[in-house]
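Observations on the three-dimensional arrangement
As a plain string of letters, each chain reads:
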Protein chains: 2
Amino acid sequence: MKKRLLLTGLAFALGAGITQTAVSQVKPEIMVKQRQAAMTLQGKYFGPLAGMAQGKVPYNKDTVAMNAALLDALSRMPWDGFAPASKDATVKTAALPAIWSEPTKFQEAQDNFHKAVEALVAVSRGGDEAAQKAAIGGVGKACGGCHQNFREKQ
Amino acid sequence: MKKRLLLTGLAFALGAGITQTAVSQVKPEIMVKQRQAAMTLQGKYFGPLAGMAQGKVPYNKDTVAMNAALLDALSRMPWDGFAPASKDATVKTAALPAIWSEPTKFQEAQDNFHKAVEALVAVSRGGDEAAQKAAIGGVGKACGGCHQNFREKQ
């Protein structure tokens, strides 16, 4: 029951369509740290799914469902950390100038990622392994598509 | 409708009660990086709420609902990063040895935190500002209670 209550709360919160925090005066270095933290955790929870889709990690439907749900939350977290003020950060970052010089393209890349994560969450409940693996591939493609243009080559 | 679908997915995933990833062979340094990332983001989304509870940030019910929902996801993320193998990490960490020498106490501190976040999520939907601020205080206390015993003094 308690779990259900929590999730109803989440439904309400997300239904409100708010994806920004109330923070207005965050230091550029903190913005970079926070957005990198979100990327780190996206990697933590996407990594095993990518491994499953590639046949390198045993398929586990519960892990797909849980990690997809966590990715749904994480996918909302990095973007306010790329606010123009973050350009002044004096810390190491792989963010390319195109993020700020091509904002429409950057937004499209974010939208592609959100759609891909939504598609994964949508199939993550069922036991359709092939559909899940295809959706995992879609998320990977969206990650790569954004990194291709907006992240320094690693 | 799409949002609702997503959230049903999350309900399923969380209902399964799985809080671990499928990752088994993660390097100690990566474990530290990932758990620190989770703490960083907990700070990002809890900070504004703490500010509201303390009267330093204007109260905003939508931010309370959204941040509580994101904290619900984030509160599940740090703990597997404290697995015993992470003790071998050669990177800077504020984690104290008590984490591994007093596992029952550390688990209790985690449980207290989860309960406090659940309580916040439960009241985050309504417009009861006083109840929300009290629940925010409860989360802050749970954070501090764990840091007191298990994190190096900052």
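Residues numbered from 1 in each chain as written. Chains lettered and ligands numbered in written order. Predicted model: local features only at pLDDT ≥ 70, side-chain atom pairs only at ≥ 80, totals over all residues. Heavy atoms only, no water.

1. Concerning the nonpolar core
Where we set the bar: Definition of nonpolar core: a set of buried residues of the types Ala, Val, Leu, Ile, Met, Phe, Trp, Tyr and Cys, connected through side-chain atoms within 4.5 Å. Burial status follows relative accessibility: with a 1.4 Å probe on protein chains alone, a residue under 20% of its type maximum counts as buried, one over 50% as exposed, and anything between as partly exposed. Throughout, a residue-residue contact means that at least one pair of heavy atoms, one from each residue, lies within 4.5 Å.
Counting residues in each nonpolar core, the largest one holds 69 residues, and the members touching the most others are A:Leu41, A:Leu74, A:Met77, B:Leu41, B:Leu74 and B:Met77. Discounting residues that sit within four places of it in the chain, B:Met77 has contacts with A:Leu41, A:Lys44, A:Tyr45, A:Leu70, A:Leu74 and B:Ala38.

2. Section: the packing of helix H3 (residues 61-74) of chain A against helix H5 (residues 103-124) of chain A
Residues and elements named next belong to chain A. Under the convention used in this document: Between the N-to-C directions of two axes lies an angle of 0 to 180 degrees, each axis being a line fitted to C-alpha atoms and, for a helix, fitted only over the stretch in contact. Here a helix means four or more residues in a row that DSSP labels H or I, a strand means two or more in a row labelled E, and each is numbered from the N terminus. In this scheme the handedness of a crossing depends on how the near helix is turned from the far one: anticlockwise by less than a right angle means left-handed, clockwise means right-handed. Side-chain classes are defined by residue name, with Ala, Val, Leu, Ile, Met, Phe, Trp, Tyr, Cys and Pro counting as nonpolar, Asp, Glu, Lys and Arg as charged, and the others, Gly among them, as polar.
Orientation of H3 relative to H5, taken along the N-to-C sense of each, is 145 degrees, at an axis distance of 9 Å. Here H3 and H5 pass one another in a crossing that is left-handed. Contacts from Val 64, Ala 65, Ala 68, Leu 71 and Asp 72 of H3 reach H5 at Val 117, Leu 120, Val 121 and Ser 124. Classifying every residue of the contact of H3 with H5 gives 7 nonpolar, 1 polar and 1 charged.

3. As for the packing of helix H2 (residues 28-53) of chain B against helix H3 (residues 61-74) of chain B
Residues and elements named next belong to chain B. Running from amino to carboxyl end, H2 crosses H3 at an angle of 145 degrees, the nearest separation of the two axes being 9 Å. The handedness of the crossing between H2 and H3 is left-handed. Residue-level inspection shows Leu 41, Gln 42, Tyr 45, Phe 46, Pro 48, Leu 49 and Met 52 of H2 in contact with H3, the latter providing Thr 63, Val 64, Asn 67, Ala 68, Leu 70, Leu 71 and Leu 74.

4. Some details on the pattern of salt bridges
Here is the rule: The working definition used for a salt bridge is a side-chain nitrogen of Lys or Arg within 4 Å of a carboxyl oxygen of Asp or Glu.
Applying the stated criterion to the full structure yields 10 salt bridges over all chains. Between B:Asp80 and A:Lys44 there is a salt bridge whose closest N-O contact spans 2.7 Å. Here B:Asp80, found in the loop between H3 and helix H4 (98-101), pairs with A:Lys44, found in helix H2 (residues 28-53), and the two come from separate chains. Assessed through its relative accessible area of 15%, B:Asp80 is described here as buried. Between A:Asp62 and A:Lys61 there is a salt bridge, with its nearest N and O atoms 3.5 Å apart.

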